[in-house]
Amino acid sequence: MKEKVPKTNVARLLDKAKIPYELIPYEVDENDLSAIHVAVSLGENIDQVFKTLVLHGDKSGYFVCVIPGEHEVDLKMAAKVSGNKKCDLIPMKELLPLTGYIRGGCSPIGMKKHFPTYIHDSCTAFPFIYISAGIRGLQIKISPHDLVKETKAEICSLFIE
């Protein structure tokens, strides 16, 4: 018998918006919360497993970047697309109070409040990508176009390839 995958807030929001998705569980390694580990666990292409980063800009305040798992966000590019002169990743201790999510389980969908969201343009090369379902050990398989629609995101370049 297949074990029942718990519905997360992210899944409930997607249901409400009538957006198709799949919940995909994976084995959590507390010592390796990287998207690379997630991709290996899922047996998926790392370019399709996206991580969610929360940044703070000097003008706009908080914003979200969603990028392929093995890349680092280019802070200059992120600042530019978000209308800032400079920006930084937020300190880890601010993540939970700000978003309602923990490291390794941060989703661009369903944060405590909506922040401007930017998704790296490579997402459009795929019929679907993976993002966190809002908890460690669970990913959401979703069309990048549906993700953009749900998060009201802008597709742009967030690092130099």
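The structure we're discussing is the one just above.
Because the structure is predicted, anything quoted here is derived from the model rather than measured.

*Asks:* How do you make sense of the sheet that holds strand β7 (residues 138-142) when you look at a structure like this?
*Replies:* Hydrogen bonds between backbone groups are what pair the strands of a sheet, and the pairing can be parallel or antiparallel. Within the open sheet, the three strands sit side by side as β1-β7-β6. Their pairing is antiparallel. The outermost strands of the open sheet, each flanked by one partner alone, are β1 (22-25) and β6 (129-132). Across this sheet, the average inter-strand angle for adjacent strands is 35°, counted without regard to direction. Here four bridges tie β6 to β7, and the two strands are oriented antiparallel to one another. Opposite Ile131, over in β7, you have Ile140 as the bridge partner.

*Asks:* For this particular structure, what's the right way to read the packing of aromatic side chains?
*Replies:* How two aromatic rings sit relative to each other is set out by the distance from centre to centre and by the angle between their planes. On inspection of all chains with the given rule, the structure shows three aromatic pairs. Here the aromatic rings of Phe128 and Tyr130 are separated by 5.9 Å at their centres, their planes lie at 90°, and the arrangement is edge-to-face. We classify Phe128 as partly exposed; its relative accessible area is 22%. Lying across the ring of Phe128, Lys141 places its NZ or CZ 4.1 Å from the centre.

Analysis parameters
Residues numbered from 1 in each chain as written. Predicted model: local features only at pLDDT ≥ 70, side-chain atom pairs only at ≥ 80, totals over all residues. Heavy atoms only, no water. Pairing = 2+ DSSP bridges. Helix = DSSP H or I, 4+ residues; strand = E, 2+ residues; numbered from the N terminus. Axes fitted to C-alpha atoms, helices over the stretch in contact; angles between N-to-C directions. Phe/Tyr/Trp six-rings, centres within 6.5 Å; stacked < 30°, edge-to-face > 60°. Buried < 20%, exposed > 50% of the residue type's maximum accessible area, 1.4 Å probe, protein only. Lys NZ or Arg CZ within 6 Å of the ring centre and 35° of its normal.

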